[in-house]
Amino acid sequence: MALESLLMVWILTSSEAFLLRGPAGPLVAQLGGSVLLPCSAETPLPLEELEVEWRRTDSEALVHLFQEGEVRPESQSYDYSGRAHFLTEGFAAGNYSLLLTNVTRADGRDYICKVFTNLDSNEITAEIKDIERLVVTGTGVASAYVGDEVTLNCSVDSHIPPGELDNVTWKRKDQEMLVLVFRYDQIVPVSAHELYRDRADLFTAEIPKGNFSLRLKHVRPEDKGEYVCEAHSGHLSASTIIVLQGLGPPPVLILALVLCVIALLLALGLGVPSCIHLVSNGKDRIYTQYHSGHFEGTFLVTPF
Ligand SMILES: *[C@@H]1O[C@H](CO)[C@@H](O)[C@H](O)[C@H]1NC(C)=O
Ligand SMILES: *[C@@H]1O[C@H](CO)[C@@H](O)[C@H](O)[C@H]1NC(C)=O
Ligand SMILES: *[C@@H]1O[C@H](CO)[C@@H](O)[C@H](O)[C@H]1NC(C)=O
Ligand SMILES: *[C@@H]1O[C@H](CO)[C@@H](O)[C@H](O)[C@H]1NC(C)=O
Ligand SMILES: *[C@@H]1O[C@H](CO)[C@@H](O)[C@H](O)[C@H]1NC(C)=O
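Just so we're clear, the structure is a prediction, and the values are computed from it rather than from any experiment.

Another aspect to go through is the site of ligand 2. Taken together, Leu-36, Ser-40, Leu-87 and Asn-95 make up the full set of residues adjacent to ligand 2. Between Asn-95 and ligand 2, the recorded distance is 2.3 Å, taken from a side-chain N or O atom to an oxygen atom. Compared with its free state, where it exposes 360 Å², ligand 2 has 36% of that area covered by protein.

Spelled out as structure tokens, the structure:
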């Protein structure tokens, strides 16, 4: 009788491998974020004979390993070093899930969780299907002269097509002012502050490439400041700051003024009318000839 029941227990444990549970469906991770790859046993398995191995299915790369009662980071593939973690208290609870941090684009693939005991083994697969990303980058600083047009660079890199983003917004950081709002695949005109309404635009043809650079026309001295380019989509959002600096009169105008002073010194009273002429033309970056009784020559006013 005793022998019979022992045999019964042996048959049950050896023929019925332990059950493993994986994710219910494909997983979604955020670029730079972390994702949990579920893998757990119905009942905790004895630690002394437990081995848990996480691998990629497309290569033999070892993502993480638990063996002989210990986590073995030294056998991990370089790509996952410091990024793959078992859960503290996980092994005792039969929870062999893997926490993958600092998610990269290359992490979007299939993984396999293999669990071994002395008698049995089982495995499940987990797929990271989508790597969600919303990354906004800009060039940090831009400068312009009063009256000119300036481009403030902003690029939106996302798995979401630009037209399907909730919105992309340009605003003044220092003054809480909306400069431009892009929503439903178009610029929303009324939402911008009146100071910018007719002066701010995007490069429409560049939007499909994620180029949301701001084109600001007829720059004014008060445009100087910090601009935020911000993109929103569902729970994701990202932004960058661009500083518009160096607003002043165009250098050609300054150069023209300097030349005027020289001209004045040379020609005194005689040069004054030509001088005014020189300043107004210098603005348009053209040649201006200066004639007087004392001096004859050409000033080349070069734009820079
Ligand atoms: C993960 O990202 C954080 C913050 O961005 C960084 O401090 C850390 O060094 C990164 N870890 C690895 C292993 O790349
Ligand atoms: C395993 O642990 C993680 C993190 O604590 C938890 O989210 C998950 O639900 C656990 N799995 C099971 C089957 O208990
Ligand atoms: C804007 O971006 C383009 C392309 O990356 C670059 O060539 C250009 O120099 C940038 N403009 C500024 C003002 O940084
Ligand atoms: C965006 O497009 C404009 C116009 O073609 C260009 O001047 C600018 O450099 C582009 N910016 C980036 C970041 O590609
Ligand atoms: C942009 O979308 C976010 C949510 O996705 C919302 O909170 C925000 O108010 C929107 N901004 C504008 C200017 O519409």
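Now that the structure is up, let's keep going.
The next point concerns the state of the cysteines. Applying the stated criterion to the full structure yields two disulfides. Here Cys-39 pairs with Cys-113 through a disulfide, and the sulfurs are 2.1 Å apart. The sign of the S-S torsion, about -65°, decides the handedness of the disulfide formed by Cys-39 and Cys-113: left-handed. Placement of the pair is Cys-39 in the loop between strand E3 (35-37) and strand E4 (40-41) and Cys-113 in strand E10 (residues 110-116), with a sequence separation of 74 residues. Comparing Cys-39 with Cys-113 shows no difference in burial state: the two are buried. A disulfide bridge connects Cys-154 with Cys-229, and the sulfur atoms are separated by 2.0 Å. The chirality of the disulfide connecting Cys-154 with Cys-229 is left-handed, given an S-S dihedral of about -70°. Here Cys-154, found in strand E15 (residues 154-158), pairs with Cys-229, found in strand E21 (residues 225-233); they are 75 residues apart in sequence, far enough to count as distant. Summarising the burial analysis for this pair, Cys-154 and Cys-229 share the class buried.

Bringing the pattern of salt bridges into the picture now. The final tally for this structure, using the stated rule, is 16 salt bridges. Between Asp-107 and Arg-83 there is a salt bridge; the shortest N-O distance is 2.7 Å. Separated by 24 residues along the polypeptide, Asp-107 in the loop between strand E9 (98-100) and E10 and Arg-83 in the loop between strand E7 (70-71) and strand E8 (84-86) bring together distant segments of the chain. Arg-83 shares its class with Asp-107; the two are buried.

Moving on, we come to the nonpolar core. Formed by 32 residues in total, the largest nonpolar core has its most connected members in Val-150, Leu-152, Trp-170, Tyr-227 and Leu-244. Residues Tyr-80, Phe-86, Leu-100 and Ile-124 belong to the second largest nonpolar core, which totals 29 residues.

Moving on, we come to the environment of Val-63. Checked against the element boundaries, Val-63 lands in strand E6 (residues 62-67). Since its relative accessible area comes to 0%, Val-63 is described here as buried. Val-63 sits 35 residues away from Leu-98 along the chain, and the two C-alpha atoms are 9.2 Å apart. Sequence-distant contacts of Val-63, that is, excluding residues within four places in its chain, are made with Trp-54, Arg-55, Arg-56, Gln-76, Tyr-80, Ala-84, Leu-98 and Tyr-111.

The subject of this paragraph is the packing of aromatic side chains. Applying the stated rule across the entire model yields five aromatic pairs. The structure contains a cluster of three or more aromatic residues connected by ring pairs, namely Phe-66, Phe-86, Phe-91 and Tyr-96.

Time to look at the side chain of Gln-76. As for its placement among the helices and strands, Gln-76 is situated in the loop between E7 and E8. Here Val-63 takes part through its backbone oxygen, which lies 2.9 Å from a polar atom of the side chain of Gln-76. At a separation of 3.1 Å, a polar atom in the side chain of Gln-76 contacts the main-chain carbonyl oxygen of Tyr-80. Leaving out residues up to four positions away in the same chain, Gln-76 has contacts with Leu-62, Val-63, His-64, Ser-81, Gly-82 and Ala-84.

What counts, and where the lines are drawn
Residues numbered from 1 in each chain as written. Chains lettered and ligands numbered in written order. Predicted model: local features only at pLDDT ≥ 70, side-chain atom pairs only at ≥ 80, totals over all residues. Heavy atoms only, no water. Near = heavy atom within 4 Å. Polar contact = N/O pair within 3.5 Å; in protein donor to acceptor, adjacent residues only side chain to side chain. Areas by Shrake-Rupley, 256 points an atom, 1.4 Å probe, with all protein chains shown as cover. Disulfide = S-S within 2.5 Å. Helix = DSSP H or I, 4+ residues; strand = E, 2+ residues; numbered from the N terminus. Buried < 20%, exposed > 50% of the residue type's maximum accessible area, 1.4 Å probe, protein only. Salt bridge = Lys/Arg side-chain N within 4 Å of Asp/Glu carboxyl O. Core = buried A, V, L, I, M, F, W, Y, C linked by side-chain atoms within 4.5 Å. Contact = heavy atoms within 4.5 Å. Phe/Tyr/Trp six-rings, centres within 6.5 Å; stacked < 30°, edge-to-face > 60°.

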